[in-house]
Amino acid sequence: ETGVTQSPTHLIKTRGQQVTLRCSSQSGHNTVSWYQQALGQGPQFIFQYYREEENGRGNFPPRFSGLQFPNYSSELNVNALELDDSALYLCASSLAWGVDEQYFGPGTRLTVT
Amino acid sequence: AQSVAQPEDQVNVAEGNPLTVKCTYSVSGNPYLFWYVQYPNRGLQFLLKYITGDNLVKGSYGFEAEFNKSQTSFHLKKPSALVSDSALYFCAVRGIYGGATNKLIFGTGTLLAVQP
């Protein structure tokens, strides 16, 4: 196991609703990244947080937002859910510098109906 | 733009035979390359990485990968496949996008099926 945990495991929401997904990073890792993995696809980078500030964003709209807390936990918030938001959401923690590998959590499966 | 390509959606191999999962990359500058494995309903597990140095990289579970700069490839290999190796394999390159220096750009994945 990587030491990265995510909650909840599964979630079903209705289009237009808002959702918050949570991640607890590996101890000592001050960088967390969030990825969206649609069915049959590779993970796509959403954004990264370093020391509680957003440090880069992929091609995702502003309704995807996040928070990182001092205790190595973080959140991904998605507003105005759309059907295409249905996916597995993965968080990954790493050290900010160097080329260390990222350690992934098990993911949250979000279904939007 | 940085990218990786995994040309095979699925690779079939008999248990005990060698396996290769292919990956090619496109980057500007030195590539930082990774292989991850994903089992059903699980997150990604790190297998190995190439940063610099020896072109043959050894990783977890008996896997290795060969970096070939002239062919811009980073193929994953294992001398003797196990049924338990059956999973989805992702190649990834580290990108730099808006300051997110640890952003990973993933391929589309290759499903490895090992038959007993």
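Refer to the structure printed above.
Predicted, not measured: the structure shown is a model, and the values here were computed from it. (Residues numbered from 1 in each chain as written. Chains lettered and ligands numbered in written order. Predicted model: local features only at pLDDT ≥ 70, side-chain atom pairs only at ≥ 80, totals over all residues. Heavy atoms only, no water.)

### Re the side chain of Ser-74 of chain A
All names here are of chain A.
- In this structure, Ser-74 sits in strand 8 (residues 73-78).
- We classify Ser-74 as buried; its relative accessible area is 2%.
- Beyond its immediate stretch of four places on either side in the chain, Ser-74 contacts Leu-21, Arg-22, Cys-23, Val-32, Trp-34, Leu-67, Gln-68 and Phe-69. (Helix = DSSP H or I, 4+ residues; strand = E, 2+ residues; numbered from the N terminus. Buried < 20%, exposed > 50% of the residue type's maximum accessible area, 1.4 Å probe, protein only. Contact = heavy atoms within 4.5 Å.)

### Describing the side chain of Asn-30 of chain A
Residues and elements named next belong to chain A.
- Position of Asn-30 among the secondary structure elements: in the loop between strand 3 (19-24) and strand 4 (31-37).
- Look at Asn-30 and you get buried, because its relative accessible area is 16%.
- Side chain to side chain, Asn-30 and Thr-31 meet in a polar contact 3.4 Å long. (Polar contact = N/O pair within 3.5 Å; in protein donor to acceptor, adjacent residues only side chain to side chain.)

### Observations concerning the sheet that holds strand 1 (residues 5-7) of chain A
Residue and element names in this part refer to chain A.
- A sheet is described by the order of its strands in space; here 4 strands give the open sequence 1-3-8-7, paired in antiparallel fashion. The outermost strands of the open sheet, each flanked by one partner alone, are strand 1 and strand 7 (64-68). Along the sheet, successive strands turn relative to each other by an average axial angle of 20°, direction set aside. (Pairing = 2+ DSSP bridges. Axes fitted to C-alpha atoms, helices over the stretch in contact; angles between N-to-C directions.)

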